[in-house]
Amino acid sequence: KTRIFSGVQPTGNLHLGNYLGAIVNFVALQEANECIYCVVDMHAITVWQEPAELTRQIREVTAAFVAAGIDPVKHVVFNQSQVSAHAELAWIFNCVARIGWMNRMTQFKDKAGKDKENASLGLLAYPSLMAADILAYQATHVPVGEDQKQHLELTRDIAQKFNNDYAESIAAHGFGDAYFPITEPVITGPATRIMSLRDGSKKMSKSDPSDYSRINLADDADAIAQKIRKAKTDAEPLPGEAEGLKGRPEADNLVGIYAALSGLTKDDVLREFGGQQFSAFKPALADLAVDKLGPVGGEMRRLMADPGHIDAILADGAARADAIARPILDGVKDIVGFIRRK
Ligand code: AQP
């Protein structure tokens, strides 16, 4: 049985990369699948979050999910900290995973920077909590952007090691020869890696200090247009086909964004704009971006005006998530040999 799980951190500045790399795919997958979409607030605090701002950002990600078209009645939308199975399973996975596995994660190296001794222990254990998020629901497929590939491989390693270490107990408890599925990453869709508007070699990121590096979902039409106008480019006109974008990361990124937003291929876009200057292409891209993102931002603002309604969506989703995860976690406790209240 297919079950989809994915999460987004409420760390502010939800941007076009999060939207095209993840949220658009969440919406597409909900047509034919059972989906669980989580606002991962426990992941967010692996780096410092100002408390009142964190609360606001949890609501903002929820609003973005709903504004983008996720149906919180048919599917499960909730924030991670309301379902204790995530934390409970993460502890068990902390004891399955190896420190060496965590030390190899590029996201940890990037975020911890030079002063690794001073990073939170949670930042190192981040992928173990992520494995728990996914496996608490025995999810089979996880839609994510390209940057999360390594963490998903680690989720597979943890599932595999748990299945191996506890093979005898898994069988003895009547669960057959494997308890956890080996989850498949779903890295597809129109744009799995959107780059910064200021530097074509860096991914668009919430934590980039320059707001001009990204288009935020909450940006109004003027801000979107201005950021695209100021986006870094080279001096050449656009090539006639996608092949000609090689070695031109900024041009490639802008054409890629146009293609993703319009549902065309890069070759299609260049059939229309090939030979033209960025001074002609950028206003067309700005119009398209405002056209596609404007309604999402507007709906987010409308939803954010009623925090009580958003909190009710999260509470309802959390109750349904808990009902799925609880028996799965009970099985894990039995397999590990814990005694639990029955
Ligand atoms: N630039 C991107 N292009 C495509 N997909 C992206 N994602 C993130 N950036 C891009 C995808 O968005 C989903 C949610 O991301 P997240 O909030 O859980 O974590 P992140 O990858 O750490 O996001 P950011 O924006 O890059 O934040 P910071 O600056 O804190 O690192 C994920 O599926 C991710 O792949």
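Computed from a predicted structure; not experimentally measured.

Student: How would you summarise the overall build of the chain if you had to cite specific residues and measurements?
Tutor: Helix and strand counts for the chain stand at 14 helices and five strands. Taken over the C-alpha trace, the chain has a radius of gyration of 21 Å; the compact-globule value for 342 residues is 20 Å, and the two agree within 12%. Dimensions of the chain along its principal axes, counting C-alpha atoms only, are 70 × 40 × 40 Å. Looking at the chain residue by residue over its 342 residues, the buried ones come to 40%. Contacts in the chain between residues at least 24 apart in sequence constitute 78% of all its contacts with a sequence separation of at least 6.

Student: Just give me the short version of the nonpolar core, but keep the residues and values in it.
Tutor: Counting 96 residues, the largest nonpolar core has Ile 36, Tyr 37, Ala 64, Leu 89, Ile 257 and Ala 289 as its most contacted members. At nine residues, the largest contribution of residues to this core is made by helix α13 (residues 278-304). The two domains that each donate at least three residues to this core are domain 1 (3-192 + 306-336) and domain 2 (219-302).

Student: Outline helix α4 (residues 85-96), listing residues and values.
Tutor: Here α4 contains twelve residues, and its C-alpha end-to-end distance of 16 Å stays within 8% of the 16 Å for a straight helix at 1.5 Å per residue. Taken residue by residue, α4 has Ala 85, His 86, Leu 89, Ala 90, Ile 92 and Phe 93 as its buried positions. For α4, the arc enclosing every buried residue in end-on projection is 165 degrees, short of the 170-degree limit, so these residues lie on one face. Exposed residues pointing more than 90 degrees away from the buried face of α4 are listed as Trp 91 and Cys 95. Looking at the buried residues of α4, the elements they touch are α2 (41-44), α7 (121-135), α8 (149-165) and α14 (307-336).

Student: Just give me the short version of the site of the ligand, but keep the residues and values in it.
Tutor: Around the ligand there are 19 residues in total, and Gly 17, Gly 21, Gly 145, Ser 205 and Ser 207 lie nearest to it. Its residues placed into classes, the shell around the ligand shows five nonpolar, ten polar and four charged.

Student: Which residues make up the pairing of strand β1 (residues 3-8), and what values do they have?
Tutor: β1 sits mainly inside the fold: five of its six residues count as buried. Across six bridges, β1 lies against strand β2 (residues 34-39) in parallel orientation. Residue pairing in the sheet places Arg 3 in a bridge with Glu 34 of β2. Handedness of the β-α-β unit built from β1, helix α1 (residues 16-29) and β2 comes out right-handed.

Student: So, the domain arrangement of the chain: which residues are in play, and what are the values?
Tutor: By the assigned domains, the chain splits into domain 1 (3-192 + 306-336) and domain 2 (219-302). Domain 1 and domain 2 are separated by 31 Å when their C-alpha centres are compared. Counting residues at the interface gives nine residues for domain 1, matched by seven residues for domain 2. Elements supplying a minimum of two residues to the side of domain 1 that touches domain 2: α1 and α3 (51-68). Sorting elements by how many residues they give to the side of domain 1 that touches domain 2 places α3 first, with five residues. When its residues are assigned to classes, the side of domain 1 that touches domain 2 shows eight nonpolar, no polar and one charged.

Student: Please give an account of unusual backbone geometry that cites residues and values.
Tutor: Across residues other than glycine, the phi torsion is negative in most instances, and most of the peptide bonds are trans. One non-glycine residue with positive phi stands out, namely Asn 13, at about 55 degrees. Within the fold, Asn 13 resides in the loop between β1 and α1. Residue Asn 13 is classed as buried on the basis of its C-beta count, with 20 C-beta atoms lying within 10 Å. Even without a glycine there, the phi angle at Gln 138 is positive, about 45 degrees.

Student: Any details on the confidence of the model for the chain? Residues and values, ideally.
Tutor: Confidence along the chain averages 96 in pLDDT terms, with 100% of residues attaining 70 or more. Interface confidence for the predicted complex, expressed as ipTM, amounts to 0.95; the pTM equals 0.95.

Student: Outline the pairing of strand β3 (residues 76-79), supporting the account with residue identities and numerical values.
Tutor: Burial of β3 is two-sided: the residues Val 76 and Phe 78 facing one way and the residues Val 77 and Asn 79 facing the other way are all buried. In terms of strand pairing, β2 meets β3 through four bridges, oriented parallel. The residue bridging Cys 38 from the neighbouring strand is Phe 78, located in β3.

Student: Provide a residue-level description of the packing of α4 against α14, including the pertinent values.
Tutor: Across the interface, α4 lies against α14 with an axial gap of 10 Å and an inter-helix angle of 25 degrees. Relative to α14, the element α4 is oriented roughly parallel. Remark: the crossing between α4 and α14 carries left-handed chirality. Contact residues: α4 offers Ala 85, Glu 88, Leu 89 and Ile 92, while α14 offers Asp 322, Ala 325, Arg 326, Leu 329, Val 332 and Val 336. When the residues that make up the contact of α4 with α14 are grouped by side-chain class, the tally is seven nonpolar, no polar and three charged.

The rules behind these values
- Residue indices follow the written sequence of each chain, beginning from 1 at its first position.
- Restriction of local features to residues with pLDDT of at least 70 applies here, the model being predicted, together with a cutoff of 80 or more for giving and counting side-chain atom pairs; totals for whole chains, interfaces and linings are based on all residues.
- Secondary structure elements are taken from DSSP: a helix is a run of H or I of four residues or more, a strand is a run of E of two residues or more, and numbering for both begins at the N terminus.
- Between the two quantities, the radius of gyration covers C-alpha atoms and the globule rule is 2.2 Å times the number of residues to the power 0.38.
- Put plainly, a residue is buried at 20 or more neighbouring C-beta atoms within 10 Å of its own, exposed at 12 or fewer, and partly exposed in between, counting only other residues' C-beta atoms, which are placed from the backbone.
- We call two residues in contact if the C-beta atoms placed from their backbones are at most 7 Å apart.
- The term nonpolar core means buried Ala, Val, Leu, Ile, Met, Phe, Trp, Tyr and Cys residues held together as one set by C-beta atoms within 7 Å.
- Domain start and end points were adopted from an automatic or database domain assignment.
- Here a helix's expected span is defined as the number of its residues, less one, multiplied by 1.5 Å.
- The arc in question is the one spanned by the directions pointing from the helix axis to the C-beta atoms.
- Here, nearness is defined through the C-beta atom: a residue counts as near a molecule or strand if that backbone-placed atom lies within 6 Å of it.
- Each residue is assigned to one class: nonpolar for Ala, Val, Leu, Ile, Met, Phe, Trp, Tyr, Cys and Pro, charged for Asp, Glu, Lys and Arg, and polar for all the others, Gly among them.
- Between any two strands, at least two bridges found by DSSP are needed for them to pair.
- A crossover counts as right-handed when, viewed with the strands pointing away from the observer, the path leading from the first strand over the helix to the second turns clockwise.
- Within a predicted model, pLDDT stands for the predictor's per-residue confidence, ranging from 0 to 100.
- The convention used is that axes are lines fitted to C-alpha atoms, helices contributing only their stretch in contact, and that angles between N-to-C directions extend from 0 to 180 degrees.
- Orientation is classified from the angle alone, with under 35 degrees giving roughly parallel, over 145 giving roughly antiparallel, 65 to 115 giving roughly perpendicular, and any other angle giving oblique.
- Less than a right angle of anticlockwise turn of the near helix away from the far helix marks a crossing as left-handed, whereas a clockwise turn marks it as right-handed.

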